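Architecture at a glance
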Amino acid sequence: GSATINEVGSLRDAVPLRDTGSSSLTPDSACMTTTADAQRRAANILLVLDRSGSMTTRTGNNSGPSRWEAATAGIRALLQRLDDETQVGLTLFPSPRGSTDSASTYATPVVPVAALRTSRAAILSALSSGPNGNTPMTCAMDGSRQYYQGFSGEGSRNIILITDGQPTNECTGQPALPPCNLLPPDLACIERFERGRQTAVQVQVAMARALSPSVRTFVAGTPEASDAFLSDLAFQGGSART
């Protein structure tokens, strides 16, 4: 009872067992074993990347990389880790094609979902277009949902939305500026206006999840992004948080 932990640990058997002679196992005590072939289910991933002007903001009190640099570095690392058979595509918003305020613009991704052995180089090349413009997140998610509705590939259907936060008014049915008093600012009115834009995105994510087959949305916030809205968005998309 007076032995220390170290002394007990140095013993060959802390609690020696008495040898009771030979023993045998009966056939009934043997474990049953079963083998089965398993095949990984195919995964289809559409990266939906925010390239709005606010993505140029630098992190860490302007001492770190920009949000765009952080996001694209993460995508490059991901593409190198996924195997060549993983199906991946890319949508950028606002679209580099010119028209940015229509969901139909985003119904065809910049790089359609395809096996990385063919899409990896195209995705990496598309990331060279830098940030510029507004944040038509509702348009992008609406178009991405439409894309998957016409998609014929086998396997799970997933969207990974990468953004620094707040959507602008495109495809929401809202005006560009809030119909609120700005001097002095009507904070309650402005908050309702911003919440309306957020709700429009959540509706698109929920509609995608309700499809058959379902489209699951994951959300990756860039450094210093607002967690509250993005986590709500992830929840609507079938994942737990940003």
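Please refer to the structure placed before this passage.
A brief report on the enclosed structure follows.

Thresholds, definitions, all that
- Residues numbered from 1 in each chain as written.
- Predicted model: local features only at pLDDT ≥ 70, side-chain atom pairs only at ≥ 80, totals over all residues.
- Heavy atoms only, no water.
- Helix = DSSP H or I, 4+ residues; strand = E, 2+ residues; numbered from the N terminus.
- Buried < 20%, exposed > 50% of the residue type's maximum accessible area, 1.4 Å probe, protein only.
- Contact = heavy atoms within 4.5 Å.
- Salt bridge = Lys/Arg side-chain N within 4 Å of Asp/Glu carboxyl O.
- Axes fitted to C-alpha atoms, helices over the stretch in contact; angles between N-to-C directions.
- Parallel < 35°, antiparallel > 145°, perpendicular 65-115°, else oblique.
- Left-handed = near helix turned anticlockwise from the far one by under 90°.
- Nonpolar A, V, L, I, M, F, W, Y, C, P; charged D, E, K, R; others polar.
- Pairing = 2+ DSSP bridges.
- Core = buried A, V, L, I, M, F, W, Y, C linked by side-chain atoms within 4.5 Å.
- Arc of directions from axis to C-beta.
- Polar contact = N/O pair within 3.5 Å; in protein donor to acceptor, adjacent residues only side chain to side chain.

**Side note on the overall build of the protein chain**
Looking only at helices and strands, the protein chain has six helices and five strands in total. The linear arrangement of helices and strands in the protein chain, starting from the amino end, is α-β-α-β-β-α-α-β-α-β-α. The burial tally for the protein chain puts 40% of its 242 residues in the buried class. Across the protein chain, the fraction of contacts at a sequence separation of at least 24, relative to all contacts at a separation of at least 6, is 72%.

**Quick notes on helix 6 (residues 227-236)**
Among the residues of helix 6, Phe 229, Leu 230, Ser 231, Leu 233 and Ala 234 are the ones counted as buried. In this structure, the buried residues of helix 6 make contact with helix 4 (137-149), strand 4 (156-163), helix 5 (187-210) and strand 5 (215-221). The positive-phi residue at the C-terminal boundary of helix 6 is Gly 238, with phi of around 100 degrees.

**Some words on the pattern of salt bridges**
Counted by the stated rule, this structure contains six salt bridges. With a shortest N-O distance of 2.9 Å, Arg 120 and Asp 84 are connected by a salt bridge. Taken as a pair, Arg 120 in helix 3 (residues 116-126) and Asp 84 in the loop between helix 2 (67-81) and strand 2 (87-93) lie far apart in primary sequence, 36 residues in all. Linking Glu 191 and Arg 195 is a salt bridge whose minimum nitrogen-to-oxygen distance equals 3.3 Å. Of this pair, Glu 191 and Arg 195 both sit in helix 5, four residues apart, which is roughly one turn of the helix.

**A closer look at the packing of helix 5 against helix 6**
For any two helices packed against each other, one specifies the inter-axial angle together with the distance between the axes. Two elements in contact, helix 5 and helix 6, have axes whose closest approach is 8 Å; the angle formed by their N-to-C orientations is 25 degrees. As the angle between them shows, helix 5 and helix 6 are arranged roughly parallel. Considering the relative orientation of helix 5 and helix 6, their crossing is right-handed. In contact with Gln 198, Val 201, Gln 202, Val 205, Ala 206 and Arg 209 of helix 5, helix 6 contributes Phe 229, Asp 232, Leu 233, Phe 235 and Gln 236. Residues belonging to the contact of helix 5 with helix 6 are distributed by class as follows: six nonpolar, three polar and two charged.

**Side note on the sheet that holds strand 4**
The strand order across the open sheet formed by five strands is 3-2-1-4-5, and the pairing between neighbours is mixed. Two strands close off the open sheet at either side, each with one partner strand: strand 3 (111-115) and strand 5. Going from strand to strand, the sheet's axes swing by 20 degrees on average, the running direction of each strand aside. Running over the sheet, helix 3 touches strand 2 and strand 3 and is turned about 145 degrees from strand 3. Its contacts with the sheet place helix 6 against strand 4 and strand 5, and it is angled at close to 160 degrees to strand 5.

**Details of the nonpolar core**
By size, the foremost hydrophobic cluster in this structure holds 24 residues, and its most contacted members are Val 48, Met 137, Met 141 and Leu 233. The set of elements that each furnish at least two residues to this core consists of strand 1 (43-50), helix 4, strand 4, helix 5, strand 5 and helix 6. No other element matches helix 4, which puts six residues into this core. Not counting residues within four places of it along the chain, the set of residues in contact with Met 141 comprises Val 48, Ile 159, Leu 161, Val 201, Gln 204, Val 205 and Thr 217.

**Focus on helix 3**
When helix 3 is considered as a whole, its buried residues turn out to be Leu 116, Ser 119, Arg 120, Ile 123 and Ala 126. Across the axial projection of helix 3, the buried residues extend over an arc of 135 degrees, all falling on one side. Every exposed residue of helix 3 that faces more than 90 degrees away from the buried side is listed here: Arg 117, Thr 118 and Ala 121. Those residues of helix 3 hidden inside the fold are in contact with helix 2, strand 2 and strand 3.

**Here's the deal with the side chain of Thr 72**
Counting through the fold element by element, Thr 72 comes out in helix 2. Note on Thr 72: relative accessible area 4%, which makes it buried. Here the side chain of Thr 72 touches Glu 69 through a polar contact of 3.3 Å, landing on its backbone oxygen. Discounting residues that sit within four places of it in the chain, Thr 72 has contacts with Leu 49 and Leu 127.

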